[in-house]
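In case you want the letters, here they are:
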Amino acid sequence: MGRKILIVEDDADTAAYLTRGLTEEGHSVEHAANGQDGLFRATDGNFDLIILDRMLPGLDGIAVLKALRAAGITTPVLVLSALASVGDRIDGLESGSDDYLVKPFSFAELLARANALLRRSEARVNVDPKLTVADLEIDPLARSVRRAGKKLDLKPREYLLLEYFARNAGRVVTRTMLLEKVWDYHFDPGTNVIDVHVSRLRRKLDDGFEKPLLHTVRGAGYMLAA
Amino acid sequence: MPITLRIALFAGLLALLSNLAVIGFITFRTHDEMSTNRVQQLQEQGEALSDVYRSGGLSGLRSAVLDPDLQNDPQAVVAILDRAGRPLVGSLAAAPVLGGPLHEGYLTAKVRRRGDSTGREASLRLMPIDPGHWLLTGRLTGEEMAVRDILERSLLIGLAIAVLLGLLTGGLLAQFVERRVRDIVGVTSAFGAGDFARRLPAPVQGGDAFAGLSRQINHMLDRIATLMEELRMLTDSLAHDLRSPVSRLRSAADAAVSASDERERDALLGNVIAQADSLMRVLTTVLEIGRSESMTARSQFTRFDPDALGRELVEMYEPVAEEQEVTLSFDGSAVWPEIVGHRQLLAQALSNLIENSLAYGASGGQIHVFIAADEEVIRLGVADRGPGIPAERREEARRRFGRLDPSRSRQGAGLGLALVQAIAHLHDGQLVLRDNRPGLSAELELPRPKLPEATA
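Computed from a predicted model, the values in this text were never measured in an experiment. (Residues numbered from 1 in each chain as written. Chains lettered and ligands numbered in written order. Predicted model: local features only at pLDDT ≥ 70, side-chain atom pairs only at ≥ 80, totals over all residues.)

A word on the pairing of strand β4 (residues 120-130) of chain B
All names here are of chain B.
So, point 1. With seven bridges joining them, strand β3 (residues 105-111) and β4 adopt antiparallel strand pairing. Bridged to Gly105 within β4 is Leu126.
So, point 2. Note: β4 against strand β5 (residues 133-140), eight bridges, orientation antiparallel. When the sheet's bridge partners are listed, Ala122 is paired in β5 with Leu140. (Pairing = 2+ DSSP bridges. Helix = DSSP H or I, 4+ residues; strand = E, 2+ residues; numbered from the N terminus.)

Describing the packing of helix α6 (residues 156-167) of chain A against helix α8 (residues 193-206) of chain A
Residues and elements named next belong to chain A.
So, point 1. It is at 10 Å that the axes of α6 and α8 come closest, and there the two elements cross at 85°. Of the possible angle classes, the one that applies to α6 and α8 is roughly perpendicular. Counting all contacts with α6, which are made through Glu158, Leu161 and Leu162, the residues of α8 involved are His197, Arg200, Leu201, Lys204 and Leu205.
So, point 2. Its residues placed into classes, the contact of α6 with α8 shows four nonpolar, one polar and three charged. (Axes fitted to C-alpha atoms, helices over the stretch in contact; angles between N-to-C directions. Parallel < 35°, antiparallel > 145°, perpendicular 65-115°, else oblique. Contact = placed C-beta atoms within 7 Å. Nonpolar A, V, L, I, M, F, W, Y, C, P; charged D, E, K, R; others polar.)

Topic: the environment of Pro156 of chain A
All names here are of chain A.
So, point 1. Following the sequence through the fold, Pro156 ends up in helix α6.
So, point 2. What makes Pro156 exposed here is the crowd of 9 C-beta atoms within 10 Å.
So, point 3. As for Pro156 and Arg143, which are separated by 13 residues in sequence, their C-alpha atoms are 8.8 Å apart. (Buried ≥ 20, exposed ≤ 12 C-beta atoms within 10 Å, placed from the backbone.)

So, the sheet that holds strand β4 (residues 77-81) of chain A
All names here are of chain A.
So, point 1. Overall, parallel pairing links the five strands, which are arranged β2-β1-β3-β4-β5 in an open sheet. Each edge of the open sheet is held by one strand with a lone partner, namely β2 (28-32) and β5 (99-102). Each strand of the sheet is rotated relative to its neighbour by a mean of 20°, with strand direction disregarded.
So, point 2. The pairing of strand β3 (residues 49-53) with β4 spans four bridges and is parallel. What sits directly across from Ile51, in β4, is Leu78.
So, point 3. On the sheet, helix α2 (residues 35-44) packs against β1 (4-8), β2 and β3 and is oriented at approximately 140° with respect to β2.
So, point 4. Contacts between helix α3 (residues 61-70) and the sheet are confined to β1, β3 and β4, with β3 contributing the most and set at about 150° to the helix.

Concerning α8 of chain A
Residue and element names in this part refer to chain A.
So, point 1. Along its 14 residues, α8 runs 20 Å from first to last C-alpha, staying within 8% of the 20 Å computed at 1.5 Å per residue.
So, point 2. Of all the positions in α8, only Val193, Ile194, His197, Val198, Leu201 and Leu205 are classed as buried. Down the axis of α8, the buried set is contained in an arc of 130°. They therefore lie on one face.
So, point 3. Gly208 sits one or two positions beyond α8 and adopts a positive phi of about 90°. (Expected span 1.5 Å × (residues − 1). Arc of directions from axis to C-beta.)

Spelled out as structure tokens, the structure:
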């Protein structure tokens, strides 16, 4: 299921590294080395995802993003930036990007976020509100969770965690993504607070079942999969 | 041209110009006044005598001209002239030097009065009486001229004195200014050259404008010196504290390179990534502190419920606390529905405080997160029952890279409280470290917002 991805990045090394990685994942990748070219291609081609560097020569990333959104182009945009502070992240998100990733990043983190964005644009077409992963069934409207027909008793935050995992089933979800999307915090807590929450959820989800659903992906994060 | 000379010349020039203006005014006014008076006098005298002629004829006029009052007036000139201009009756000894035929009107000429050896300047009026006679009336102007001469001379002397005084005061003023400015220049250039201890002499209060300026400059120099000192300490400690994570990173990479077994290498590479991540965290936090201090983050202030934030963070850390067998409790202010601030940064500050308590105060078994408001401030605090921080070391704890744990065995670069403090400053508040008897209570003390008019 290859998708069309546009990378707008002036650093040739980073661009080559991303292009190689994403091509290996089966996507078709185009590259623009500056803001003008990026904006031109983005308005022209029909991309499923745009990966946009924040600091570009000429027209900077935020300006490109604003121009795109002003032109009514709703393609998901993932902004890359060396600006790491909470304020910079919020600025990035508020100017219309769908996600924000701080450099340096691991490719696993980028891929996880890119897949989440690609998946989200797919899911817009999906009318079935129920989420199913193997024998796990989640009803977002009732906020109820069943596994193999048996109702699971989750706390509100545990439910939100699981729903986010389920919406990205089969894909790696990183700790930072969880912190941002489930808690809406844009800082790095520095301790294992996310791990503790995930392992609690895992006990409720997998204990007593033969096949575990919530997996740890070493060096990257977690994945909900059959 | 030195500034002193320029100021002196300028003052002299100003004195000259202003005095010239005054002198010109005086001269013009006196001249004007005198001639108006004279013309009026001549006219009155002439008309009075014409009246006499009309009623008494030539003989009447003659006796009027010879009136002792008129003849004894030392300034007056009265005479009846014949057709050729020779005096027939009156105070003249000789014909006036008119330089032309007689004609009616006002004129200035030299006349010699009876008893005088030389002619004197006079303002005159000639009127024809009948075909053979002219009436001459007038007044000597010599005295008037003399008064004017004296006046003009004294005005000129006054002018010279004024210009000299102007130059003198200008010079004194310039010297005074130059001395004060030289002091300032001396201190600021010494500061620029690296002598950060020099300050201008200035009274704490009052004094002239220069004292005020000196105080301002001293204040600025103090601030610059403090900032430079902080910056120096920061870069020193940054360099020092980055050394250990970087060397850990290096040895982790070394170990990974030399690992033969693939699985072992994977694990070691994972360690490399973890070390790099922790290094990144240090750098991000340093940037974060800088951002908070620069106040640009204020544009992201919003209005929110601090109780909800506290509850959310407690819920987030509850499982972690439980694993460490610590009770994590929360008390909201209940009376304080909302504050205006940077929600993300305040969340980060509180989370830092909770993590600090979990790391250093967990031995007390209790961590209490609270939000309390009184008349002036709202406090977002975290209190534990651990060993606490002795009063004399609290300042050190706040500092960037200040780590009280002597072994530095725990992860972290000692930036936590410095960041919390920077976030407190961003909100016009402060970080207060209190003795919790026993334990530590770390509180963000923020000024109570004026709720009715606050907008987000």
